[in-house]
Number of protein chains: 2
Amino acid sequence: MAGTSFAEKTETRLDNAERLCAAHGSRLTDLRRQVLGLVLEAARPVGAYDLLDGLRADKKGAAPPTVYRALDFLLEEGLIHKIERLSAFVGCTHALDGSHTEAGHPHAAQFLICTGCGQVTELDDHGILHALIDATRHIGFTVRHSTVEAEGLCAACRDVATA
Amino acid sequence: MAGTSFAEKTETRLDNAERLCAAHGSRLTDLRRQVLGLVLEAARPVGAYDLLDGLRADKKGAAPPTVYRALDFLLEEGLIHKIERLSAFVGCTHALDGSHTEAGHPHAAQFLICTGCGQVTELDDHGILHALIDATRHIGFTVRHSTVEAEGLCAACRDVATA
DNA sequence: CAAAATACGTTATAATGTAACATATTTGAA
DNA sequence: TTCAAATATGTTACATTATAACGTATTTTG
């Protein structure tokens, strides 16, 4: 058990993640737990190579595939999301913080990227998903997965800009 | 005037693009026209390096910045879109085919990516955009630009899969 | 325990994108 | 028209993101 130790809040979420994995019959190994921890501790979306640097505090020679494999696993389990516009990763608040005992399987997910402070907020708005499904249904397209990312200003940064 | 020559339909769209640029006070140079032509002739989203290969038919030593600069221009003018999930580019049907005499400025744009055939369909559905704006308004987030990409199966590919 | 499956280590390289500076072309004002 | 400024392109080098391929270790299961 190597393991950077994380803040208590993070450990709680990691324990949640571990339960979700167990429920799926998959394993949140030490390595995966550590990568997830690094994602969760970041205030903002983190790139794979930043995570790699973080890992190397523990495991000196770590190489890209180590991180990417862990990320692939976490994505599959729905424990993190990838922000495509940033090539970066965030924890899934829905799966990790919610009182959702059910699996972290694909859910409506939208991301609000503040260009002021860099913070990303996750929404789980069904209205958006339904609007998308409605719009696609009549042309016969079946949505399997959707990416919705909005760039703009969060309330705090907008106020600063207007001041 | 070097110039791969393109199909007639493409030339028509390129002429449309040229008019739109003129209306903006910007210039669709030969190079930019050629890159846009290559995007339009592709049946599917094209990567920057595929475009580079296309360019090299004409201009042997062409280098990445040449393509990326042209792409940046075309994106700014709203003549093409980037599909983030694919790191690839498509022509903007709204700007190039529509009878829209107005500028190719940011508009509602959603992309349906068929994982069967690779084709991408552009929607311009206001319902989706409004759902997004509604969902963000009450938390004080101001949307400046949005990326909506759905993966799934188009009607044709779904029928094949079900057969 | 042994075989199979799963996870991880390691090396090398592919694919995507940009910084920085030089040259050429176009525009616009004197 | 001519030259200065702005814009566009050429060129070299490199940064960033991601994966292929193969070997080893660990875990699971019969």
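Residues numbered from 1 in each chain as written. Chains lettered and ligands numbered in written order. Predicted model: local features only at pLDDT ≥ 70, side-chain atom pairs only at ≥ 80, totals over all residues. Heavy atoms only, no water.

- The name an unreviewed UniProt entry assigns to chain A is Ferric uptake regulation protein, from the organism Gluconacetobacter asukensis.
- The heading Subcellular location (unreviewed entry) in the UniProt record of chain A holds the text "Cytoplasm".
- Looking at the Sequence similarities (unreviewed entry) heading of the UniProt record, one finds this comment for chain A: "Belongs to the Fur family." (UniProt positions renumbered as here; feature names shortened; annotations may be inferred.)

**Description of helix H4 (residues 64-76) of chain B**
Residues and elements named next belong to chain B.
(1) Moving on: The first and last C-alpha atoms of H4 sit 18 Å apart over 13 residues, in line with the 18 Å expected at 1.5 Å per residue.
(2) Moving on: Taken residue by residue, H4 has Thr66, Val67, Ala70, Leu71, Phe73 and Leu74 as its buried positions. Take H4 and look down its axis: the buried residues cluster within an arc of 160°, on one side only. Opposite the buried face of H4, at more than 90 degrees from it, the exposed residues are Arg69 and Glu76. (Helix = DSSP H or I, 4+ residues; strand = E, 2+ residues; numbered from the N terminus. Expected span 1.5 Å × (residues − 1). Buried < 20%, exposed > 50% of the residue type's maximum accessible area, 1.4 Å probe, protein only. Arc of directions from axis to C-beta.)

**Considering the protein's contact with DNA strand C**
(1) Moving on: The environment of DNA strand C is formed by 17 residues, the closest being Thr29 and Arg69 of chain A together with Arg27, Tyr49 and Lys82 of chain B.
(2) Moving on: The contact atoms of DNA strand C, taken as those within 4 Å of the protein, divide so that sugar and phosphate hold 49%.
(3) Moving on: The separation between a phosphate oxygen of DNA strand C and a polar side-chain atom of Thr29 of chain A is 2.5 Å.
(4) Moving on: At a separation of 3.5 Å, a phosphate oxygen of DNA strand C approaches a polar side-chain atom of Thr66 of chain A.
(5) Moving on: Considering every element that reaches the surface near DNA strand C, the biggest residue donor is H4 of chain B, with 4 residues. (Near = heavy atom within 4 Å. Polar contact = N/O pair within 3.5 Å; in protein donor to acceptor, adjacent residues only side chain to side chain.)

**Examining the pattern of salt bridges**
Opposite charge on two side chains permits pairing when their charged atoms draw close.
(1) Moving on: The full count for this structure, using the stated rule, is 17 salt bridges over all chains.
(2) Moving on: With a closest N to O distance of 3.5 Å, Glu84 of chain B and Arg85 of chain A form a salt bridge. Of this pair, Glu84 of chain B sits in the loop between strand S1 (80-83) and strand S2 (88-91) while Arg85 of chain A sits in the loop between strand S1 (80-83) and strand S2 (88-91), each in a different chain.
(3) Moving on: Given the relative accessible area of 25%, Arg85 of chain A is considered partly exposed.
(4) Moving on: The shortest N-O distance in the salt bridge between Arg158 of chain B and Asp159 of chain B comes to 3.5 Å.
(5) Moving on: When salt bridges that share partners are traced, they join Glu11, Asp15, Glu18 and Arg33 of chain A into one network. (Salt bridge = Lys/Arg side-chain N within 4 Å of Asp/Glu carboxyl O.)

**Quick word on the UniProt feature "binding site: Zn(2+)" (unreviewed entry) in chain A**
(1) Moving on: The positions that UniProt labels "binding site: Zn(2+)" (unreviewed entry) are, in the present scheme, Cys114, Cys117, Cys154 and Cys157 of chain A. Their sequence span is 44 residues, while the largest C-alpha to C-alpha distance among them is just 8.2 Å; these annotated residues converge on one region.
(2) Moving on: Within the secondary structure layout, Cys114 of chain A lies in strand S3 (residues 110-114).
(3) Moving on: When residues no more than four places from it in sequence are discounted, the contact partners of Cys114 of chain A are Gln119, Gly152, Leu153, Cys154 and Cys157 of chain A together with Phe141 of chain B.
(4) Moving on: Within the fold, Cys154 of chain A resides in the loop between strand S5 (142-153) and helix H7 (155-162). (Contact = heavy atoms within 4.5 Å.)

**Considerations on the relation of the copies chain B and chain A**
(1) Moving on: Aligned on chain A, chain B shows an RMSD of 0.1 Å; the corresponding rotation is 180° and the shift along the axis is 0.0 Å. These values place the two chain copies in the arrangement generated by a two-fold rotation axis. Residue Val148 of chain B of chain B places its C-alpha closer to the rotation axis than any other residue of that unit, at 2.3 Å.
(2) Moving on: Taken as a fraction of all interface residues of chain B, those also at the interface in chain A reach 100%, which identifies the copy contact as same-surface. (Least-squares fit on C-alpha atoms with pLDDT ≥ 70 in both.)

**Concerning the sheet that holds strand S5 (residues 142-153) of chain B**
(1) Moving on: Taken together, 6 strands build an open sheet; the order of strands is S4(A)-S3(A)-S5(A)-S5(B)-S3(B)-S4(B) and the sheet is mixed. In this open sheet, the two strands that pair with only one neighbour each are strand S4 (120-123) of chain A together with strand S4 (120-123) of chain B. Strand after strand, the sheet turns through a mean of 20° between neighbouring axes, direction not considered.
(2) Moving on: As defined by bridge partners, strand S3 (residues 110-114) of chain B adjoins S5 of chain B across 5 bridges and the pair is classed as parallel. Within S5 of chain B, the residue paired with Ile113 of chain B across the bridge is Glu151 of chain B.
(3) Moving on: Strands in contact with helix H6 (residues 126-137) of chain A are S3 and S5 of chain A together with S3, S4 and S5 of chain B; relative to S5 of chain A, the strand with the most contacts, it is inclined by about 130°. (Pairing = 2+ DSSP bridges. Axes fitted to C-alpha atoms, helices over the stretch in contact; angles between N-to-C directions.)

**Some thoughts on the pairing of S2 of chain B**
All names here are of chain B.
(1) Moving on: Here S2 shows a buried face lined by Ala88 and Val90 and a second buried face lined by Phe89 and Gly91.
(2) Moving on: In this sheet, S2 lies alongside S1 in antiparallel orientation, the contact comprising 4 bridges. Considered in S2, the bridge of Lys82 is made with Phe89.
(3) Moving on: Linkage of S1 to S2, two consecutive antiparallel strands, is achieved through a turn of 4 residues, within which Ser87 is found at a positive phi near 45°.

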